Amino acid sequence: MQRSRVYFTDFHAGFEENLLQKLARLVRAAGIETIDFQNRFAAIKLHFGEPGNLAYLRPNYARVLADVVRQQGGDLS
């Protein structure tokens, strides 16, 4: 079985790069630019839906992902 690649970044931000910029860099490093989104719909799952949910993607992070997908030609309508 092939080992999975795990991409990690900490929550330390500096003057050179904020957390949203780190997220964009991380998803690009993980290979999101190799996915063909051209004229295709893409969905971004924001949460797992359980009551008292604490595991969710914050809206500002979802925006970064949506912007990257749109740059690749994806449709999020």
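For the structure, see preceding data.
Quick summary incoming for the structure in this document. Note that this is a predicted model, so its numbers are computed, not measured.

### A closer look at the overall build of the chain
Point 1. When its secondary structure is counted, the chain shows two helices and zero strands.
Point 2. Overall size of the chain, expressed as C-alpha extent along the three principal axes, is 35 × 35 × 35 Å.
Point 3. Each of the 77 residues in the chain was classed as buried or not, and the buried ones make up 21%.
Point 4. Counting only carbon and sulfur atoms, one obtains 55% of the accessible surface of the chain, whose full area is about 6500 Å².
Point 5. Seen as two clouds, the 10 positive and the 8 negative side-chain charges of the chain have centres 4 Å apart.

### Some remarks on unusual backbone geometry
Point 1. In this structure, N39 takes a positive phi of about 55° despite not being glycine.
Point 2. Inspection of the secondary structure assignment puts N39 in the loop between α1 (19-29) and α2 (59-71).

### A look at the packing of α1 against α2
Point 1. As a packed pair, α1 and α2 sit with axes 10 Å apart at the nearest point and diverge in direction by 45°. What the angle tells us is that α1 and α2 run oblique. In this structure, α1 crosses over α2, and the sense of that crossing is right-handed. Residues L19, L20, L23, A24, V27 and R28 of α1 form the contact with α2, whose own contacting residues are N60, Y61, V64, L65, V68 and Q71.

Criteria and thresholds
Residues numbered from 1 in each chain as written. Predicted model: local features only at pLDDT ≥ 70, side-chain atom pairs only at ≥ 80, totals over all residues. Heavy atoms only, no water. Helix = DSSP H or I, 4+ residues; strand = E, 2+ residues; numbered from the N terminus. Buried < 20%, exposed > 50% of the residue type's maximum accessible area, 1.4 Å probe, protein only. Areas by Shrake-Rupley, 256 points an atom, 1.4 Å probe, with all protein chains shown as cover. Lys, Arg positive; Asp, Glu negative; His and termini not counted. Charge placed at Lys NZ, Arg CZ, Asp CG, Glu CD. Axes fitted to C-alpha atoms, helices over the stretch in contact; angles between N-to-C directions. Parallel < 35°, antiparallel > 145°, perpendicular 65-115°, else oblique. Left-handed = near helix turned anticlockwise from the far one by under 90°. Contact = heavy atoms within 4.5 Å.

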